[in-house]
Amino acid sequence: MALAPLIAYAHVRKSFDNGHDAERVTAVDDVSLDIAAGEFLAIVGASGSGKSTLLRLANRLLAPDSGRILVEGGDVREVDPVRLRRRMGYVFQSGGLFPHMRVADNIAVTPRLLGWPAAEVAARVDELLELVRLDRSLHRDRLPHELSGGQQQRVGVARALAARPRIMLMDEPFGALDPLTRDNLGEEYRALHRRLALTTVMVTHDMTAALLLADRIAVMRAGRVVAQGQPAELSDNNEPYVAELLSTPRRQAERLNALLAGASAG
Amino acid sequence: MSFLSDPRWRDAAVHLPDYLGSHVQVSLAALALGLVISLPLAILARNHAVSRGILLGLASVVQTVPGLALLALFYPLLLAIASLTLRWFGFDFSAFGFLPAMLALALYSMLPVLRNTITGLNGIDPALLEAAQGVGMTPRQSLFTVELPLALPVIMAGIRTSAVWVIGTATLSTPIGQTSLGNYIFAGLQTQNWVLVLFGCVASALLALAVDQFLTLIERGLRERKRLHTMLGSVGIAVLVTATLIPSTARAPSTYVVGAKTFAEQYVLSALIEQRLQAAGLQASTREGLGSSVIFQALAANNIDVYVDYSGTLWVNQFHRTDKPPRERLLAELKEILAKQDITLLGALGFENAYALVMPRQRADALGIHSITDLAAHAPTLLIAGDYEFFSRPEWAALQKAYGLSFRTQRQMQPDFMYAAVASGDVDVIAGYTSEGRIKEYDLETLADPKHAIPPYDAVLLLAPRRAHDAALQEALKPLPERIDIATMREANLRASGSNANSSPAAVARWLWQRIGGQ
């Protein structure tokens, strides 16, 4: 691909105080990773592997200790972080909706921060409710706690999309949902990703979801990217940790196949 | 007569619009000022452990100062500041009444708001703070659109606590000249009018309770996101405030303010002056329960227009004189000194209310004590009681010095209770007032002062500087000087100390007026 990557990490390092002693905990350790325009990248790893930290570095919720992060060609340290965040969508684990704001106001947050005219904001809210398949009359004026978990996460996606970003950052977006809802939402989001020509970086610990949704997967362990590639490339990888991560979906797939084949045979 | 048909209830109710209105006014202003100061402070300090600690520490220290003391401290403080601004910038302001009360109460109101604002803001789910940042809010936008709205129920709880504290403590602002529901309590306590005390307590408790309920409603509405609750509570507060403030703003500002100190005789005399002014067709009201030093400063600053003080008190306490000229000469010289401050000494009423050491006649006879000289020998085995200010007044120092007095114990008491206490033997000697009616009633003896350690204490009418040339006022007060002798004043005080329907200061003042030949 000749195009410059839309997001590019180069030798990025980030460590934290661990609170009680002088030792610092390294969360991201010399990571270099490119994400191409239009790509759906999943970052997979166990909790504490540094995958969420890596995501937060992209929109300057965190600043790197060293290394460079380019977003749309610009170094994130050289742009106003607030503006940077307003042009990137961010979907938080279990919604992160503001509990005192109605659904419509939650969705309208970023457009309003950008100073869109009220009529345009209202039209955009309706458009987004339709896009994420929420009933306008039923949900527009509800408070978040009156919605189901799946509905809340649909609102979370709508809010992230509101200001028409090119880039979507998603932190365990469907992790807290029941399997059926998770599956539906995942598929719907993948369709939106294509339709709106988004570039998506999704952090997850669920290898199955990553394999099903993403174009490419980066596997993180102890702050490092230990493998990356398309699903087929990953299965050829001889890193034992990757094999371990792949074993569960493989086993599930084989078992399902066997069960379904048995059923049709019977 | 049944408890409820007692006419004193009606007397008390007459003052309710004024007292309640002033009470709400000063509480509201104090609360608003407290909020304006403590909210930004709490917001600024919330993320700095050190400044948070200092702020909450200071607010807690303020909280440990008794309300009455805090209020009392603001008066001299403001007085000093006012004299500085006069010297430096050519203007001063009234250190009396509203301003010191509001400032002290505002300070008093800060702790719950500070604590709850900090707690409320720090208790917000960090995920929501990150979400606010993530959608592109600046720290200020996050504070105003996410953090403060989410912390609001907790902040409201703090405001509610503050409001109840302030409304309760505002009853103590009477002695520094701020009219409040405390006027009932102070006046009732001084004149043993328990109906008044009860009325004041119930009124301020009901006010606090009503405000508490409405604020609770608002708080619940915010917490449970029920607009109706929030609206009902807000409407309730608005109605309450308007209803209590309208009568006090609509009321014609009374032209003449008559001051009174904190004991029954003063309440009677101020009522007498008020009645005389009203009889002459002048607008008048009383400002009662003022501290001894507050009241003179208030007159000098034109905050009150007229009151009765005692020559010896001014001589010794106000002008720090240690010489003791005879009665007439002291009066003449005092008049000159006061004139230099533009204060008019209109005349002496005709009686003295001096401090005197008093003990039961039987006991005095048994011990052979008839003068303070005799007393000095027995003093080390005796217990003396005085009013709240006596032991810190120069008169006490002069007595101790002249006679070498040293008592086993000294105790401060509500002046009204001293006479019964000495008559029953709970204390041995009291520093009483010579015009007190109960000296005769309890058969007490005032001990002679052969060394003249205590100066003469003629009751004198004083007029504020701005009334120096007020002919109408002086004409209205003309019948009073030289008309009240000691026996008459004693009887009036005895009447005022009773606790029946005819013992209200106004009733006694009417009696006194008839007694001295008024129509």
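None of these values were measured; they are calculated from a predicted model.

Conventions adopted
Residues numbered from 1 in each chain as written. Chains lettered and ligands numbered in written order. Predicted model: local features only at pLDDT ≥ 70, side-chain atom pairs only at ≥ 80, totals over all residues. Helix = DSSP H or I, 4+ residues; strand = E, 2+ residues; numbered from the N terminus. Buried ≥ 20, exposed ≤ 12 C-beta atoms within 10 Å, placed from the backbone. Contact = placed C-beta atoms within 7 Å. Domains from an automatic or database assignment. Nonpolar A, V, L, I, M, F, W, Y, C, P; charged D, E, K, R; others polar. Pairing = 2+ DSSP bridges. Core = buried A, V, L, I, M, F, W, Y, C linked by C-beta atoms within 7 Å.

Side note on the overall build of chain B
Logical step 1: Secondary structure summary: chain B contains 21 helices and 10 strands in total.
Logical step 2: With the C-alpha coordinates of chain B rotated into their principal frame, the extents come out at 90 × 55 × 55 Å.
Logical step 3: In chain B, buried positions account for 48% of the 519 residues.
Logical step 4: In chain B, the proportion of contacts linking residues at least 24 apart, taken out of those at least 6 apart, comes to 78%.

Focus on the domain arrangement of chain B
Residue and element names in this part refer to chain B.
Logical step 1: Partitioning chain B into domains gives domain 1 (11-250), domain 2 (256-352 + 458-515) and domain 3 (355-446).
Logical step 2: Each of domain 1 and domain 2 has a C-alpha centre, and the two are 36 Å apart.
Logical step 3: Counting only elements with at least two residues in the side of domain 1 that touches domain 2, the list comes to α3 (67-89) and α7 (182-190).
Logical step 4: Of all the elements, α7 adds the most residues to the side of domain 1 that touches domain 2, at four residues.
Logical step 5: Taken together, the residues of the side of domain 1 that touches domain 2 sort by class into eight nonpolar, 10 polar and one charged.

What to know about the interface of chain B and chain A
Logical step 1: Listed as interface residues are 15 residues of chain B and, on the opposing side, 15 residues of chain A.
Logical step 2: Breaking the side of chain B that touches chain A down by element, the ones donating at least two residues are α5 (126-134) and α6 (139-169) of chain B.
Logical step 3: With six residues, α5(B) is the single largest residue contributor to the side of chain B that touches chain A.
Logical step 4: Residues that form the side of chain B that touches chain A fall into these classes: eight nonpolar, five polar and two charged.

Re the sheet that holds strand β1 (residues 7-17) of chain A
Logical step 1: Strand order in the open sheet made by the four strands is β2-β1-β4-β5 (chain A), with antiparallel pairing throughout. Since the sheet does not close on itself, it has two edges, and those belong to β2 (24-35) and β5 (74-75) of chain A, each with one partner.

Observations concerning the nonpolar core
Nonpolar side chains in soluble globular proteins generally cluster together in the buried interior.
Logical step 1: Grouped together as the largest cluster of nonpolar side chains are 223 residues, with contacts concentrated most on Ile43(A), Leu105(B), Val268(B), Val422(B) and Val429(B).
Logical step 2: Of the residues forming this core, the biggest block, 14 residues, is contributed by helix α4 (residues 98-122) of chain B.
Logical step 3: Ignoring anything within four residues of it in the chain, the contact list for Val268(B) reads Ala492(B), Ala496(B), Pro505(B), Val508(B), Ala509(B) and Leu512(B).

Some thoughts on the domain arrangement of chain A
All names here are of chain A.
Logical step 1: For chain A, the assigned domains are domain 1 (1-79 + 171-266) and domain 2 (88-165).
Logical step 2: If you average the C-alpha positions of domain 1 and of domain 2, the two centres end up 25 Å apart.
Logical step 3: It is helix α7 (residues 179-195) that contributes the most residues to the side of domain 1 that touches domain 2, five residues altogether.

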